[in-house]
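Listed below are the residues making up each chain.
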Amino acid sequence: MELCDLTALELTKMLRKKEVSAVEILQSSLDRIAKVDGRPGSLDHTTELTEEDKQKVHAFITRTDEIALIQAQEVDRKISAGEDPGLLAGVPFSVKDIFCVKDTCSTAASKILANFKAPYTATPVERMLQAGAVMVGKVNLDEFTYGSSNESSAFQPSPRNPWKTDRVPGGSSGGSAASVGAGEVPLSLGTDTAGSIRQPAAFCGVVGVKPTYGRVSRYGLIAFASSLDCPGPVARTVSDAAAMLQVIGGADPHDATASPLDMPDYLSTIEDGVKGMRIGLSPDYFRITYPDPKTGDLLSQPLPAEIENAVRSAAEKLAAMGAEIIEDVPMPNTRFGIPAYFVISRVEAASNLHRYDGVKYGLRTQQSFNDLNKMYRFTRNEGFGLQPKLRILMGMYVSAAQYSEQYYRRALRVRTLIRRDFEAVYDPRGKYRLDALLTPTTPTTAFEMAAVYGNSVLMQYADQLTVPANHAGIPGISLPAGFDASGLPIGIQLLGADFTESTLFRIGRAFEKATETESWRQVKPQVLQDF
Amino acid sequence: MTDYEAIIGLETHIQLNTTTKVFCSCKADSWFAPPNTNICPVCCGLPGVLPVLNKAVVEKAVLLAHAMNAEIRPLSYFDRKNYFYPDLPKGYQISQFDQSLAKGGYLDLPVPASASPDKKAYTRRVSIWKLHIEEDAGKTKTAGNRRFIDFNRCGVPLVEMVTGPDLRTADEAAQYLIRLRQLLRWLGISEADMEKAHLRCDANVSIRVRGETKFNPKTEIKNVNSIDAVRDAIAKEIDRQIREVEAGNRIQAWTLEWDEDSGTLKKMRSKETEADYRYFREPDLLPIRMSEDWKNQILSDFPELPLARRARFIEQYNLPEYDADILTSERKLSDYFENTVRAYGGDPKKVSNWLMNDVLRMINDQGLNPEEMKLTSAALAEILKLVDKGTININTGKSLLQKVQDSGKSPDQIVADEGLGLVSDDGAIRAVCEEVLAESPNEVASYKAGKVTLIGWFVGSVMKKMRGKADASLARQILEELLK
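Residues numbered from 1 in each chain as written. Chains lettered and ligands numbered in written order. Predicted model: local features only at pLDDT ≥ 70, side-chain atom pairs only at ≥ 80, totals over all residues. Heavy atoms only, no water.

Another point: the interface of chain A and chain B. With 38 residues of chain A in contact, the opposing surface of chain B contributes 31 residues. Buried area between chain A and chain B, summed over both chains or domains, comes out near 2,800 Å², and the portion from carbon and sulfur atoms is 60%. Where chain A meets chain B, there are one salt bridge. The salt bridge involving Arg218 of chain A is made with Asp284 of chain B; its shortest N-O contact spans 3.0 Å. Along the contact surface separating chain A from chain B lie 18 residue pairs in polar contact (both at pLDDT 80 or more). Only helix H10 (337-352), helix H11 (372-383) and helix H12 (386-399) of chain A provide two or more residues apiece to the side of chain A that touches chain B. When residues in the side of chain A that touches chain B are grouped by element, the largest group, four residues, is from H10 of chain A. Grouping the amino acids of the side of chain A that touches chain B by side-chain chemistry returns 21 nonpolar, eleven polar and six charged. (Contact = heavy atoms within 4.5 Å. Buried area = accessible area lost by both parts, 1.4 Å probe. Salt bridge = Lys/Arg side-chain N within 4 Å of Asp/Glu carboxyl O. Polar contact = N/O pair within 3.5 Å; in protein donor to acceptor, adjacent residues only side chain to side chain. Helix = DSSP H or I, 4+ residues; strand = E, 2+ residues; numbered from the N terminus. Nonpolar A, V, L, I, M, F, W, Y, C, P; charged D, E, K, R; others polar.)

Here the focus is the pairing of strand E8 (residues 122-135) of chain B. Residues and elements named next belong to chain B. Pairing of strand E7 (residues 106-111) with E8, which is carried by six bridges, proceeds in the antiparallel orientation. Pairing of Val111 across the sheet is with Tyr122, part of E8. Sheet analysis places E8 next to strand E11 (residues 157-163), joined by seven bridges and oriented antiparallel. The residue bridging Glu135 from the neighbouring strand is Pro157, located in E11. (Pairing = 2+ DSSP bridges.)

This paragraph deals with the sheet that holds strand E4 (residues 187-192) of chain A. Residue and element names in this part refer to chain A. Read from one edge to the other, the open sheet built from eleven strands follows the order E1-E3-E2-E4-E6-E5-E12-E13-E11-E7-E10, with strand pairing classed as mixed. Two strands bound the open sheet, and with one partner strand each, they are strand E1 (60-63) and strand E10 (324-326). When the angles between neighbouring strand axes are averaged without regard to direction, this sheet yields 30 degrees. (Axes fitted to C-alpha atoms, helices over the stretch in contact; angles between N-to-C directions.)

The subject of this paragraph is the nonpolar core. In terms of nonpolar packing, the biggest core is built from 132 residues, with Leu88, Phe144, Phe422, Leu438 and Phe505 of chain A touching the most fellow members. Phe144 of chain A has contacts with Ile98, Ala108, Ser110, Ile112, Leu113, Ile222, Phe224, Leu353, Tyr356, Phe384 and Pro388 of chain A, leaving out every residue within four places of it along the chain. One finds Met68, Ile94, Leu131 and Leu187 of chain B within the second-largest nonpolar core, a separate group that totals 71 residues. (Core = buried A, V, L, I, M, F, W, Y, C linked by side-chain atoms within 4.5 Å. Buried < 20%, exposed > 50% of the residue type's maximum accessible area, 1.4 Å probe, protein only.)

Here we take up the domain arrangement of chain B. All names here are of chain B. By the assigned domains, chain B splits into domain 1 (4-294), domain 2 (306-418) and domain 3 (426-482). Here the C-alpha centre of domain 2 lies 37 Å away from the C-alpha centre of domain 1. Between domain 1 and domain 2, the residue contacts involve eight residues of the former and ten residues of the latter. Regarding the contact of domain 1 and domain 2, the summed buried area is about 780 Å², with carbon and sulfur atoms giving 65% of it. In this assembly, domain 1 and domain 2 are joined by one salt bridge. A salt bridge links Asp325 to Arg179, with the shortest nitrogen-to-oxygen separation between them at 3.1 Å. Taken together, the connections running from domain 1 to domain 2 amount to three residue pairs in polar contact (both at pLDDT 80 or more). Those elements that place two or more of their residues in the side of domain 1 that touches domain 2 are E7 and helix H2 (170-187). With five residues, H2 is the single largest residue contributor to the side of domain 1 that touches domain 2. (Domains from an automatic or database assignment.)

Moving on, we come to the pattern of salt bridges. Residues and elements named next belong to chain B. A full pass over the atoms with the stated rule returns 65 salt bridges over all chains. With a closest N to O distance of 3.6 Å, Arg476 and Glu480 form a salt bridge. One end of the pair, Arg476, and the other, Glu480, are both in helix H15 (residues 472-482), four residues apart, so they sit about a helical turn from each other. Judged by its relative accessible area of 33%, Glu480 falls in the partly exposed class. Look at the salt bridges and you will find they share partners, linking Glu304, Arg309, Arg312, Asp335, Glu338 and Arg342 into a network.

Right, let's talk about the sheet that holds strand E4 (residues 79-82) of chain B for a bit. Taking strand neighbours across the sheet as the criterion, the three strands line up as E5-E4-E16 (chain B) in an open arrangement whose pairing is antiparallel. Of all strands in the sheet, those with a lone pairing partner are strand E5 (92-95) and strand E16 (280-281) of chain B, marking the two edges. One ladder, built from four bridges, connects E4 of chain B with E5 of chain B; its direction is antiparallel. Among the inter-strand pairings, Asp79 of chain B is bridged to a residue of E5 of chain B, identified as Ser95 of chain B. Packing of H10 of chain A onto the sheet brings it into contact with E4, E5 and E16 of chain B, and relative to E4 of chain B it is tilted by some 60 degrees.

Residue and element names in this part refer to chain B. Within the secondary structure layout, Ala229 lies in helix H3 (residues 227-246). Judged by its relative accessible area of 2%, Ala229 falls in the buried class. As a C-alpha pair, Ala229 and Leu305 span 76 residues in sequence and 27 Å in three-dimensional space.

As structure tokens, then:
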């Protein structure tokens with residue numbers, strides 16, 4: 001056990017007691033990165049992966065060691081001067097490279113922004129820095145967050161799952177989950193548009209929180225689907241995630257969609273237990289539904305037994321602690337989540353990508369052009385990878401005047417129906433009166449690298465159980481809940497009503513306590529087994 | 001020859017005179033700023049930025065909507081209008097589409113005799129089809145094969161207001177713009193200066209045989225930056241369309257550009273198909289919730305509008321239309337007029353004469369603001385009263401205007417200090433009269449020979465010697481007596 005394997009809250013406690021310095025904590029984090037991360041992602045795709053590469057995590061695109069050292073020294077100075085160093089003082093963290101951070105490269109894992117240095121810092125990052133946390137670098141993701149495996153990054157090698165390096169870490173916050181899972185940092189800032197925090201958290205055996213839409217400012221987050229994007233924490237424990245949300249959440253004058261509601265004190269209630277809580281299980285989250293590629297008919301398939309069992313076993317433990325488990329909660333529109341998401345997210349994405357045109361910043365084609373449209377075409381063709389191109393095509397198509405009613409407007413109506421499913425089950429005067437739904441996070445555990453990549457539709461179904469929360473705007477959290485037969489982490493998910501993160505943290509923390517002595521909690525990721 | 005009528009609709013873009021831009025805290029006006037100096041990450045559309053709505057923009061737009069008799073929606077939305085252009089940094093413009101701030105509306109446009117084909121004044125009701133808030137784009141300048149882009153104007157708050165196809169002559173279109181400009185300044189929501197692009201206008205023009213009800217293909221005239229140019233351009237386009245139709249050609253839906261220097265229209269492009277802007281709700285902004293409270297607060301000191309005030313001036317003060325028009329051309333001037341009338345208590349037409357002849361010249365020549373002049377409405381009323389009482393004559397009164405404006409002293413004070421009061425002492429005037437007659441033997445002889453009109457010349461000479469201070473009627477009386 002090294003410093004970097006401790007939780008954020010343990011580290012800040014030791015720091016305040018002067019048992020350790022911020023510089024020492026940082027050094028431990030940098031040492032771990034040096035051991036397990038391997039070479040950072042780059043635009044050079046010609047170098048063949050070596051056997052050594054295949055054993056590494058490759059979470060980072062950009063390291064900010066020097067800035068981190070200055071930040072850590074400042075924390076140490078504050079502590080020795082008796083000043084308040086902040087809630088997360090001295091805690092190293094990584095930032096998904098979809099957030100702008102002043103004077104660092106903010107690439108969105110795309111060639112088109114490879115040289116872009118933001119002149120400002122995103123609000124959640126700024127708040128982490130204000131709280132004394134130490135940013136060690138920017139981590140990899142699917143290009144513009146468009147994916148669920150992290151393989152679509154323009155910066156290769158893409159991250160690998162620390163539990164088994166021939167597996168994907170999930171995505172799009174793959175670098176975030178991998179860096180936390182491998183003990184490189186206790187905390188990472190990710191984003192979740194359809195499951196992009198929760199799914200990689202589940203794959204990498206860590207905690208991932210998608211807060212209520214509007215709980216955390218999006219200012220400085222390079223937009224994918226603006227009505228769905230949520231910044232949120234990736235951590236190794238529920239309490240760490242709660243502390244991080246405490247820091248990054250709250251109103252922001254730069255984001256009109258950030259909620260003005262007061263932030264609750266999450267840590268003050270997190271140990272309150274689940275006694276009397278009503279937690280629901282829904283059959284609609286124990287299967288996946290997908291269109292038959294030939295006929296378009298919706299087919300349905302149960303989830304692997306190991307995953308369903310993990311959820312049921314968690315429900316039993318929560319029941320044993322006094323929660324009431326409500327079975328057979330109907331969530332009938334869950335199955336339409338992916339098709340509706342496919343449409344809505346692409347429309348917003350295509351529009352959000354318009355600004356990358358070679359005029360102002362980022363890549364401009366080196367080919368000669370004699371008219372403006374050629375410049376646009378060359379630049380966007382060279383700068384965007386496959387995923388942005390597919391999403392632009394789809395987004396343009398379904399929002400065109402003649403198709404909009406049939407696709408985009410229809411998808412918006414489906415979105416409302418999904419929202420109503422949740423409203424019905426959380427309604428305090430309704431039939432179910434749930435405090436939370438307990439579901440699997442993902443239909444499978446981490447898949448092999450290259451196994452799904454290339455099949456955009458199949459890849460998207462990795463998000464089937466997470467995307468409804470994004471449609472509805474509600475909060476969700478993924479918790480590690482054991483391993484499957486091949487030793488890969490299984491994630492379970494709690495979904496709550498708007499702004500009930502504190503409830504989800506309480507349940508998550510209770511589950512952690514109930515399982516803390518179980519043997520699977522002691523298992524180390526593959527990349528850490530040698531030391 | 002067939003009798004044609006023109007069908008004209010105007011699309012105006014109005015720059016609101018807020019302090020800051022619509023979605024960021026840059027200054028709204030960059031008129032004197034060098035290119036790309038009044039910009040920030042938000043208005044330049046950098047990755048990751050978000051718009052935050054400036055409430056003052058909504059409030060000013062509500063004032064305009066109310067003035068145009070439009071219905072203000074309790075819930076309206078922003079939408080993205082997607083298109084590529086180098087001076088549109090986000091690749092979409094934040095605008096309002098199907099659920100905009102205001103719905104419907106109209107302006108009852110008075111068309112004066114001078115702008116009427118049969119020289120009879122009439123009123124034209126112009127309907128409003130669109131009234132919404134949007135952000136401006138930047139400016140592109142082309143020099144040879146290079147383009148220069150200035151983002152200063154990005155995010156400047158605009159109201160786009162589109163009329164129905166209700167205007168029938170180029171003069172009506174010009175009158176509409178004159179009245180719109182007056183209204184915008186009156187409400188204090190825009191400088192409405194066309195030369196500075198605070199008020200921009202595109203005109204849609206088609207013609208049809210008078211009596212027909214269908215609409216024929218229209219052309220759109222762009223880049224016209226003065227009211228006169230709008231009138232000229234529309235008139236020329238109507239003539240062109242008539243010539244084309246008479247020659248058996250069909251009018252094609254072109255976009256035309258007005259070339260100010262040559263005074264001609266040039267074809268910019270054909271408009272075969274409508275562009276698809278793929279509008280959808282702007283997810284980065286909340287809807288505008290216009291509560292009754294907020295609306296009432298915005299409209300709490302909504303002013304009497306210029307056309308209503310003009311009608312009232314004619315009715316209440318018995319002013320000629322011409323006077324009422326000029327006195328309501330600008331809100332501060334009309335307030336000044338009415339305050340003077342109240343303080344004076346005499347004939348409003350007399351106030352109007354003084355204002356239009358003398359005070360207005362001072363205001364225009366010296367670039368004064370009626371609200372802030374040292375020559376206050378109370379001071380002007382006092383001068384009028386002094387003249388009425390015979391304390392000073394009209395000329396002295398008029399000379400007082402500038403003196404009060406320069407010194408800030410009260411008219412009374414200046415009259416006393418400079419001894420400007422009329423001399424009505426018989427002896428003093430009689431002495432000067434005798435002097436004048438003694439110096440002008442020839443004129444005296446002519447007068448006595450019957451050229452009695454010379455009396456005016458004698459009075460003038462006396463006034464001149466007494467530097468205008470003599471009571472002219474007394475001088476005349478004495479002169480006539482001496483010349484008997």
